[in-house]
Amino acid sequence: MLVVTVTMLDIPGVSLDNRPVKLPYRKAEAVFYYLACRQKATRDELMHLLWGDFPEETARKNLRNALYKIRKAFDEEVLIAIGQSEIRLNPNFQWVIDVEQFNGDEPEAWQHYRQEFLRGFSVKDAVEFEDWMLAERQRLQQQYLRKLQYVLKNAQQSGDQEIMLQVAEEMVLQDPFDEKARRILMQVYADRGEAHRAIQEFESVTAMLREELGIQPEAETRKLAETLQKQRQEPASPQKPTVGEKRIFGRQREWHQLEQALETFRRQQQSGIVVVSGEAGVGKTMLLETFLEEAVTDHFPIFQANCYQQEESFFLKPWQPVFSRLADLIETEGIQLPRQWLALIAGQFPIFETLLNSDKGETETPMGLYDSRPNQPLMEAVTGIFKKITENRPVVIFFEDIHWMDRVSLQLMQRLLQESRLPLLFLTTVRSGYEDQLAAFMATLVRRPLFQRVSLACFNEKETFQWVQEASRRLTETHRPDETTCRQIFKETGGNPFFVAEYLYALQHQTQPGQLTPKAQDILRSRLCEFSQETRKLLELVSLFFHRVSLNLLADLTSEDEMTTLEMIQQLIQRGMLREVDDGHKISMAFNHEKFREYVYQQQPPVKRKLLHRRVGVQLEKQLTGSTGDVLRYTDLIHHFKLGGDHRQTLKYTLAYLNAYLDYYHELFPSVMHPRELSKQSLLMPREEALLYFEQVEDMLTRLEPEDLAEAEVQSWKIAYFHVKGRLLIREGDYHEGVSTTRNMIRLAEETGNWRYAVHGFQQLINYGIQTQQPEVMRVNLEAAMNLAEARGLTDRVPVLLRLQGLYLLIQHHFDQAESVLEQAIETVNKMPEKHRHQVVHVAACRYYLGEIMRNRQQWGEAIVHYQRAITECGEQEARHHSIAVFHTGMGQAYYEMNRIADAERSLQQALEHFRAFDIYWRRSIANAYMALILAEKGDGKQAGHYLQEATRYAEKLQNPYELGVVKRVQELVHQRLSEES
């Protein structure tokens, strides 16, 4: 008889004779799970549950199709029809349904409840089914709690502490307010000699009740805590281990250092950092993890993340899990934040996009957020968010291996540490031998009030003997190591705790310790020999991922079926090789220790590693969605394709990564605009690092075979590379190289028929003409772009080119012609049936240029009307971006000429706020210059000098003749005003 296994009290799944069955779509799954719960159902019942809003004939057809798909998935008649109206489970199969087992009366029935009913399962457009599922989930949970209470009562009567502990912990997990279960936990901990854990449990429930309900624990709970506290305060024998010592041997001094740092942090509520250093395997991570678990009982939010060598060139990668948790915290607690902060952060951490769509954003940014330093907006937004989050409680962030942290991530940590009144504590680990890489960073920490350095050394020979003898008490006398073996262990491991622990494990699980070779690697090899060949292959797959791998991806990569894969993973977790990592909405696997991963990885032949890396890359590609979140996967794709020797794909995703982080549309009014993309205007890479990336791309291009370079796709990558590089060089003022690169891009685009890129190239040269105030360069490239766009049917580029033509005429002071062309550009867009964001921005840009025409005609009032229309249109269409800074600058100039100084100052301040937020240069010098002029007229020479200095810096950076001329003229006026004042 075939066996159908149905799992619903966990992540749902179905198998036939241990072969996983993949049901085709959600509503078919819903039909099957409903029948598995109820054994039978009428057709009308199923139609109402899942297609209640459909016409009856359509609902009937959909149900018929779902039943057919279920039968096809099983390739068996697992469901049968009784007459025309009823469907039921086929009794000719053996059905193993966990819900049914859970509902039974067996003493172990409660163990079938592993997670909530149909966890993570949902069906769109099926309200009735969702209501039934939620009601069933609640009913089963209540039944589970009743079963737990029954099991707990029996365990108390029999004195079975293990069952009492297991069940009480589960009851607290299900109902955190269950004080009876909490008291049982406290008593069991105390009976086991773990009084500190009992007190922690009491402190935990006390804090939760106070925060959630504003009450204190029950009198019985308080009385038990007082009793345990008194017992704990009784004089202890000198041999009694302190908190953490049971799990952390020989680290009393280091533990005390951590306690001192934590106490200082609690008392001062200031930002601080603890750096734990030592060689690989010395126990840095275990020390901090145990300390967080056993000593940090304040219920601070604790964020943990790793830094990986393979990611040290990828900016802000270590902060990704931190900001993922931050987004959840902000969402859960309803913390209100300025939308401008959220937009800035969403560009680097796409998880924050969800907050932009919620009501978590305030409309205004607090004054004083931004300063005059370049490239600070993101840092300041992050600092502002942490200030908000830590208003009510401190926060702890644990970073492992910061010697592999990228430069920008270190800058962000350093920026947060500058806020002395920010209750934020960093716990970090550093591997010995890498301190030089952090010399500059560490130098900034030594003068901090809270900077604690903890150095972990390997155990000496005496300490190693003590640990080995204590740990080997559980061995039989035959297998217990003698003094000679202990010396051998110290000699081979050097007292490194990781290798000592592995040696001990081998002794405990080998009948003949003499089988071990004298090399530490052999210890690792002996661990691997415990597993089957299939399990070792799975472990080899996991080793390809230097951080973690999702369960879904692992299942897709392995040749084993899903059930077998899960069993192997469970075995690896139980044996301590792997650990489960909760990534929010997915479950991932990671090695318990990096040394294990490195060993397993290096044992594979290079050819095999290369093939597997390539296969992983192909599988990861399938997960790309085309959204902004894809940028988080590019680094993994680059890693796997590079190690897989696939230069084409490495090149492809390196370029995609470059585009994501260097895609600044330096034209005054970008053609691609979205509020979530705005923070990408901030250049996080210095020019030297960006050029280093370009050198790497060029190196990859040289590695491609001639036949590869001839392919259209590779040519398009090359064109995209030249396009991005040209924009960077021109934006940074390297005009000679930037123009040459862009012209090379145009030539390649025309040779390969990539006409759209060719138009973009000409437009790039027009922007160069704008930036350097060269009308002839603008005219020549405008003519070329317009001819090409019309000849190749690129009609969507025509409005933009008309606008640029209007600007060219404006620069030439042909105001009437410029006005006519700009009105034509606006009319072209207005005729479109539907306007998108970039077209709204285009119209606003035309309004701005019309304002410039009126200002040049000295028609100040009409100029202000056009500037205001540009600002309003952008704001109304949610297309707010850095162009608004330019609009406010023009308006400030017009108000100044009208002698409306207060209005001018207000407009210029708004302009400068936007300039700082998006770190752009165009017209920034003019805004600063006019602010200097206003302050000079007020007699504030110091501030006027500051703004004048900023104006000069940005004008010289851009090398725009018009802006240089304006700044020079204003300098003279400022000096004249200040001289008159004195």
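Residues numbered from 1 in each chain as written. Predicted model: local features only at pLDDT ≥ 70, side-chain atom pairs only at ≥ 80, totals over all residues. Heavy atoms only, no water.

Quoted verbatim from the Sequence similarities (unreviewed entry) heading of the UniProt record, the comment on the chain is "Belongs to the AfsR/DnrI/RedD regulatory family." (UniProt positions renumbered as here; feature names shortened; annotations may be inferred.)

Structural notes on the environment of Phe-249
Within the secondary structure, Phe-249 sits in the loop between α9 (219-233) and α10 (252-268). Note on Phe-249: relative accessible area 18%, which makes it buried. Between the C-alpha atom of Phe-249 and that of Leu-287, which follows or precedes it by 38 residues, the distance is 9.7 Å. When residues no more than four places from it in sequence are discounted, the contact partners of Phe-249 are Phe-459, Glu-463, Gln-466, Trp-467 and Glu-470. (Helix = DSSP H or I, 4+ residues; strand = E, 2+ residues; numbered from the N terminus. Buried < 20%, exposed > 50% of the residue type's maximum accessible area, 1.4 Å probe, protein only. Contact = heavy atoms within 4.5 Å.)

Brief notes about the sheet that holds strand β7 (residues 94-97)
Read from one edge to the other, the open sheet built from four strands follows the order β3-β2-β1-β7, with strand pairing classed as mixed. Bordering the open sheet on either side are β3 (19-20) and β7, each of which pairs with just one other strand. The pairing of strand β2 (residues 13-16) with β3 spans two bridges and is classified as antiparallel. Within β3, the residue paired with Leu-16 across the bridge is Arg-19. Docked against the sheet, helix α1 (residues 26-38) engages β1 (3-7), β2 and β7, running at close to 100° with respect to β1. (Pairing = 2+ DSSP bridges. Axes fitted to C-alpha atoms, helices over the stretch in contact; angles between N-to-C directions.)

Notes on the packing of helix α22 (residues 533-543) against helix α24 (residues 562-574)
Where α22 meets α24, the closest approach of the two axes is 10 Å, and the angle between their N-to-C directions is 80°. With respect to each other, α22 and α24 are oriented roughly perpendicular. Contacts from Glu-534, Thr-535, Leu-538 and Leu-539 of α22 reach α24 at Thr-565, Met-568, Ile-569, Gln-571 and Leu-572. Considered class by class, the residues forming the contact of α22 with α24 number five nonpolar, three polar and one charged. (Parallel < 35°, antiparallel > 145°, perpendicular 65-115°, else oblique. Nonpolar A, V, L, I, M, F, W, Y, C, P; charged D, E, K, R; others polar.)

Considering the packing of helix α33 (residues 755-771) against helix α34 (residues 775-791)
Axis separation between α33 and α34 bottoms out at 8 Å; the angle between their running directions is 160°. By the angle between their axes, α33 is roughly antiparallel relative to α34. You can see that α33 and α34 cross each other, and the crossing is left-handed. For the pair α33 and α34, contact is made by Trp-755, Ala-758, Val-759, Phe-762, Leu-765, Ile-766, Tyr-768, Gly-769 and Ile-770 and by Val-777, Met-778, Asn-781, Leu-782, Ala-784, Ala-785, Leu-788 and Ala-789, respectively. Partitioning the contact of α33 with α34 into residue classes produces 15 nonpolar, two polar and no charged. (Left-handed = near helix turned anticlockwise from the far one by under 90°.)

Notes on the pattern of salt bridges
One pass over the full model with this rule turns up 37 salt bridges. A salt bridge links Glu-116 to Arg-137; its shortest N-O distance comes to 3.8 Å. Within this pair, whereas Glu-116 is found in the loop between α4 (98-102) and α5 (127-158), its partner Arg-137 is found in helix α5, the two being separated by 21 residues in sequence. Looking at Glu-116, the relative accessible area reads 36%, which means it is partly exposed. For Arg-137, a relative accessible area of 16% puts it in the buried group. Its salt-bridge partner being Glu-963, residue Arg-923 comes within 3.1 Å of it at the nearest N-O pair. (Salt bridge = Lys/Arg side-chain N within 4 Å of Asp/Glu carboxyl O.)

Observations regarding unusual backbone geometry
Backbone geometry at Leu-118 places phi at a positive 50°, although glycine is not the residue there. Tracing the backbone through its elements, the reader meets Leu-118 in the loop between α4 and α5. Taking the relative accessible area as the measure of exposure, Leu-118 reaches 0% and is therefore buried. In this model, Gln-269 sits at a positive phi of 55°, which is unusual for a non-glycine residue. Here Gln-269 lies in the loop between α10 and β8 (272-278). You can call Gln-269 partly exposed: its relative accessible area is 30%.

Here we look at the packing of aromatic side chains
Pairs of aromatic rings are described using the distance from one ring centre to the other and the angle between the two planes. Taken as a whole and judged by the stated rule, the model has 30 aromatic pairs. Centroid distance Phe-121 to Phe-129: 6.2 Å. Interplanar angle 75°. Geometry classified as edge-to-face. Looking at Phe-121, the relative accessible area reads 5%, which means it is buried. We classify Phe-129 as buried; its relative accessible area is 0%. Consider the rings of Phe-459 and Trp-467, whose centres lie 5.4 Å apart with planes at 85°: the pair is edge-to-face. Residue Phe-459 shares its accessibility class with Trp-467, and that shared class is buried. An aromatic cluster is defined as three or more aromatic residues linked by ring pairs; in this entry it consists of Phe-32, Tyr-33, Tyr-34, Phe-74, Trp-95, Phe-117, Phe-121, Phe-129 and Trp-132. Positioned above the aromatic ring of Tyr-601, the side-chain terminus of Arg-609 is 4.8 Å from the ring centre. For Arg-792, the ring lying beneath its charged end belongs to Trp-755, and the centroid distance is 3.9 Å. (Phe/Tyr/Trp six-rings, centres within 6.5 Å; stacked < 30°, edge-to-face > 60°. Lys NZ or Arg CZ within 6 Å of the ring centre and 35° of its normal.)

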